[in-house]
Amino acid sequence: MAKFIWLGLTARGELLQHDLMAEDHNDARQQATRQARALGVHVVEIRALNTRTSAWLRGRILLTSLFQRSRFDLLLFSCELLALLRAGLALTEALETLNERARQPQNKRASDEKGQHVLAGLTLLMQQGKSCSSAMASYPDHFSALFIAMLAASEQTGEMPQALDRYIQYHAQTSLIRQKLISASLYPAMLLLAGTLVAFFLICFLAPRFGRVYEGMTQVELPLLSLWLIKLGLFISTHVFSSAASLIIAFAGGASVALQPGVQQHVLMWLRANIWIGGQLKLTQMTRFYRSVGMLLNGGVPLLSSLQMTGDLLEPSLKTGLMRSMRNISQGKTLSESLHQEGLLTPIAFRLLRAGERNGQIADMLEQTALFHEREINQWVERFSRLIEPVLMLVMGLGIGMIVVLLYLPIFDMAGSLQ
């Protein structure tokens, strides 16, 4: 008899460790299957117990709990599920296929571990008779409320492939602005990095050498700024490791402070108060709100439910106005009037939405409004990137030029005195 350990996956996606005694691996698998059926869990892995296996299982459970939120790619899952459904597979069969593919050794990667557990849990819950949307609701950290509501509506109409396709398009459109911002910030970030490295080189490498040259020139009086710069360079070159450690600690401290929710809220408040940036931030929120509501309405979700689920996309003041708009809609007012009264519609959105109410195409008009404003935001990002790049180059040039001038200023003074 040998001791085995098997991992069981609960309906909430949690890994539990169980022990058993068996003759061989096949006997252990049979016993684990019976125990899992009694406990209502899904068998994930079975291994003979030894020191390395025990450590591996503990590490796997720990890593699973640490990275539970970040290891499931919803967009990839939607694309794969859509492809299988369009190929003619039933929903349960498609999920079982994805689960089997994820469990194959050649397809296992560190980033796929959590996805495998989620797929196994979904398959288990659907085999127990739950619907797909209710099974996904057991994993709120991996499936958004928008996605679950859209699938729940598609289950009533039998249009799940269309709903998945609509979500993929929604994700692609909402990611365009973020990708535009990232690409626009790459070049300024490289400029800042290059300028910082050049300034660090001038201070740490050239400034100490200029300081040693000026030590023998008693007739030269160093300007105050040049003296401070040379002393800084001498100190850093003398204490290289401590200076590097201080710099790393300062960057780490700054990053930890920047990640604090309170600090982020203050930064957002400052940006919203800015006349030029604040308006674009609000427009970005409104654009995402319009597209999300339009997607849910096209998917068959009721209007009030769609508005309630998309309220978290808005800042607190706008969300409060949305709640008042929902009360007005429930009392009989139109969507355009209620949202316009609370300042939740741009002039373009108000006109398009009012036209959509007349011809019964509210969802399409909301998506057209989002598309219109997304183009407007993309143009603003392009103008901003064109402006910030020369400004950064000017600032870096002035900073590096000032360092060079301060290093050579005593020489210029000495040359002027000789003349």
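Source: prediction; values computed, not measured.

So, how was this worked out
- Residues numbered from 1 in each chain as written.
- Predicted model: local features only at pLDDT ≥ 70, side-chain atom pairs only at ≥ 80, totals over all residues.
- Heavy atoms only, no water.
- 1 Å grid on protein atoms, 1.4 Å probe; cavity = no way out; pocket = protein on both sides within 12 Å on 5 of 7 lines; lining within 4 Å.
- Points joined across faces, edges and corners; volume = space filled by probe spheres on them.
- Helix = DSSP H or I, 4+ residues; strand = E, 2+ residues; numbered from the N terminus.
- Nonpolar A, V, L, I, M, F, W, Y, C, P; charged D, E, K, R; others polar.
- Phe/Tyr/Trp six-rings, centres within 6.5 Å; stacked < 30°, edge-to-face > 60°.
- Buried < 20%, exposed > 50% of the residue type's maximum accessible area, 1.4 Å probe, protein only.
- Salt bridge = Lys/Arg side-chain N within 4 Å of Asp/Glu carboxyl O.

A. Examining the layout of surface pockets more closely. Computed from the structure, the largest pocket encloses a volume of approximately 1200 Å³. T174, R178, T284, R288 and L313 are the residues nearest the centre of the largest pocket, which is lined by 41 residues in total. When residues of the lining of the largest pocket are traced back to their parent elements, those giving at least two are α7 (145-157), α8 (160-215), α11 (261-273), α12 (275-298) and α17 (362-418). If you tally residues by element for the lining of the largest pocket, the top one is α8, at eleven residues. Looking at the lining of the largest pocket residue by residue, the class counts come to 23 nonpolar, eleven polar and seven charged.

B. Spatial organisation of the packing of aromatic side chains. Counted under the stated rule, the structure contains seven aromatic pairs. Ring plane angle 40 degrees and centroid distance 6.1 Å describe the contact between Y167 and Y170, whose orientation is recorded as tilted. Here Y167 pairs with Y170, and both are found in helix α8, just three residues apart, close to one helical turn. No difference in accessibility class separates Y167 from Y170, as the two residues are buried. Between F201 and F205, the aromatic rings sit 5.0 Å apart at their centres with planes inclined by 15 degrees, giving stacked as the arrangement. Highlighted residues: F201 and F205, both in helix α8, separated by four residues, approximately one helical turn. Assessed through its relative accessible area of 44%, F201 is described here as partly exposed.

C. Layout of the pattern of salt bridges. Under the criterion given, the structure shown has four salt bridges. A salt bridge links R324 to E342; the shortest N-O distance between them is 2.9 Å. Residue R324 is found in helix α14 (residues 316-330), and its partner E342 is found in the loop between α15 (335-341) and α16 (347-359); the two are separated by 18 residues along the sequence. Of the residues examined, R324 reaches a relative accessible area of 35% and is grouped as partly exposed. Across the pair E382 and R386 runs a salt bridge, and its minimum N-O distance is 3.9 Å. Here the residue E382 and the residue R386 both occupy positions in helix α17, the gap between them amounting to four residues, near one helical turn. For E382, a relative accessible area of 30% translates into the label partly exposed.

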